[in-house]
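Residue-level listing of the chains:
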Amino acid sequence: MTANAFLNPVTTQTWTNGRHVVRCVKVIQETWDVRTFCFMADQPVLFFFKPGQFVTLELEIEGQPIMRSYTISSSPSVPYSFSITIKRVPGGRVSNWLHDNLKEGDEVPVHGPVGLFNAIDFPADKVLFLSGGVGITPVMSMARWFYDTNANVDMVFVHSARSPKDIIYQRELEHMAARINNFSLHVICEKHGLGESWAGYRGYLNKAMLELMAPDYLEREIFCCGPTPYMGAVKRLLEAAGYDMSRYHEEAFGPTPPEIRAEVKELAAEAADAPEVPVGELNQVEFSSTGKSIRVAPGETVHAAAAKLGLHIPKACGMGICGTCKVMKTSGEVEMEHNGGITDEDVAEGYILSCCSVPKGDVAIDY
């Protein structure tokens, strides 16, 4: 009798990149301004994903549809649910709305999972996790995955928090560090308040600290996530130390970077002054489900073509990261410059991300 005779095939459904309706089953208060929201499907679904990937929530706030991406903070080693961890931000429309309104029993459509920033695509024997604030979520997912699967990976986990009361997952991290010898934990607090005792590192991560925490950091695969200034400082530190930056990986989604916003304004100004494009150089974009079509200039995206026709393809990031604007291309060719928001399988089936796909000729879209 073969060994396989003792194995039962799994018949539970697994999720794939697309739209799923899930239910909030638990809300955990992590710190005074950070909460974790746990989700499950009504029918059992195995939520497999690569640790570090994210989902995009489809919300309606004050009558307006809003899409917002959040990293999955749980690990696929706990497969029947997934969690996102969200910090309340002053003026943060979506995060504050979720803190105030999302409760157990509520249903939410999510898109995903997607993302190039993950621990599976960059295997290594020794890793260094660097995080700042709520940027801890994707590296926590990776650390939980390696811990739960007893992976033979040497981990150094360095987290920067504003103060001791802001350390997210503190007890769990200390528990992991106490139980296995291949998990080394270091927390840096920028400051500490009155009555708060703190015997650990203080201030901001610097080279001297890094050399104490991970003397062999030049030999480690590095995964970094945090506020933009934090990641900028980490990159400068590593580059100055001669680190091989091809082994450095950072979380890329979030608010549109200022340089991209400036570039968009510049391009818009250039377009306003540009001479009209000859009709022969225009590409036709047809939306077969609605029977509408339009001719667009070279360089214009499928999403822009839809918008000119009054068609609303849902979009969140505008940079090919979140996967929200995925549509089926039924004919023609496009140039798609995405940032991990679509899988190779989807591309092979004919899907494109409309926000970053530029027609190379006439194209037809099923929308």
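Here, the structure is the one placed above.
The residue numbering used here restarts from 1 in each chain and proceeds along that chain's sequence as written. For a predicted model such as this one, the threshold for reporting local features is a pLDDT of at least 70, and the threshold for listing and counting side-chain atom pairs is 80 or more; totals across whole chains, interfaces and linings nevertheless cover every residue. The basis for every side-chain value is the complete set of heavy atoms in the structure, and neither hydrogens nor water enter the calculation.

Asks: Now, about helix 1 (residues 93–101): what can you tell me, with residues and values included?
Replies: The buried label goes to any residue with under 20% of its type's maximum accessible area, the exposed label to any with over 50%, and the partly exposed label to all in between, with areas taken from a 1.4 Å probe on protein chains only. A run of H or I in DSSP becomes a helix once it reaches four residues, and a run of E becomes a strand once it reaches two; helices and strands are each numbered from the N terminus. Listed as buried for helix 1 are Val94, Ser95, Asn96, Leu98 and His99. Residues of helix 1 that are buried in the fold lie against strand 3 (34–40), strand 5 (54–61), strand 6 (64–71) and strand 7 (82–87). Pairs of residues are marked as contacts when any of their non-hydrogen atoms sit within 4.5 Å.

Asks: Got a sec to walk through the pattern of salt bridges? Specific residues and values, please.
Replies: Between side chains of opposite charge, pairing is possible as soon as their charged atoms come close. Throughout this description, the term salt bridge denotes a Lys or Arg side-chain nitrogen within 4 Å of a carboxyl oxygen of Asp or Glu. Summed over all chains, the structure comprises 18 salt bridges. Put simply, Arg23 and Glu107 hold a salt bridge, and the shortest N to O gap is 2.8 Å. With Arg23 in strand 2 (residues 18–31) and Glu107 in strand 8 (residues 107–114), the pair connects residues that are 84 residues apart, well separated along the chain. Under the relative-accessibility criterion, Arg23 is labelled partly exposed at 27%. Given a relative accessible area of 46%, Glu107 falls into the partly exposed group. With a shortest N-O distance of 2.7 Å, Asp154 and Arg220 are connected by a salt bridge. With Asp154 in strand 10 (residues 154–161) and Arg220 in the loop between helix 4 (207–213) and strand 13 (221–225), this pair connects stretches of sequence that are 66 residues apart.

Asks: Give a description of the nonpolar core that names residues and reports values.
Replies: To qualify as a nonpolar core, a set must consist of buried Ala, Val, Leu, Ile, Met, Phe, Trp, Tyr and Cys residues joined through side-chain atoms within 4.5 Å. Counting 24 residues, the largest nonpolar core has Trp15, Phe39, Leu57, Phe82, Ile84 and Leu98 as the members making the most contacts within it. Among the secondary structure elements, those contributing two or more residues to this core are strand 2, strand 3, strand 5, strand 6, strand 7, helix 1 and strand 8. Considering each element in turn, this core owes the most residues, four residues, to strand 5. Formed by 23 residues, the second largest nonpolar core is a distinct cluster that contains Val127, Ala143, Met176 and Phe183.

Asks: Any details on the packing of aromatic side chains? Residues and values, ideally.
Replies: Only rings of Phe, Tyr and Trp enter the pairing, Trp through its six-membered ring, and a pair is recorded when the two centres are within 6.5 Å. The plane angle decides the type: under 30 degrees is stacked, over 60 is edge-to-face, the rest tilted. Inspection of every chain in the model, using the stated rule, returns nine aromatic pairs. Taking 6.0 Å as the distance between ring centres and 70° as the angle between the ring planes, the aromatic pair formed by Phe117 and Phe223 counts as edge-to-face. Residue Phe117 is found in the loop between strand 8 and strand 9 (126–132), and its partner Phe223 is found in strand 13; the two are separated by 106 residues along the sequence. Taken individually, Phe117 and Phe223 each receive the classification buried, so the pair is uniform in this respect. On the basis of an interplanar angle of 40° and a centroid distance of 5.8 Å, the ring pair of Phe157 and Phe183 is categorised as tilted. Separated by 26 residues along the polypeptide, Phe157 in strand 10 and Phe183 in strand 11 (residues 183–189) bring together distant segments of the chain. For the pair Phe157 and Phe183, a shared accessibility class is recorded, and that class is buried. Grouping aromatic residues by their ring pairs yields a cluster made of Phe117, Phe129, Phe146, Phe157, Phe183 and Phe223. Charge over a ring is defined by NZ of Lys or CZ of Arg lying within 6 Å of the ring centre and within 35 degrees of the ring normal. Sitting over the face of the ring of Tyr351, Lys326 holds its NZ or CZ atom 4.7 Å from the ring centroid.

From the geometry alone we can't say anything about function, so treat these as descriptive.
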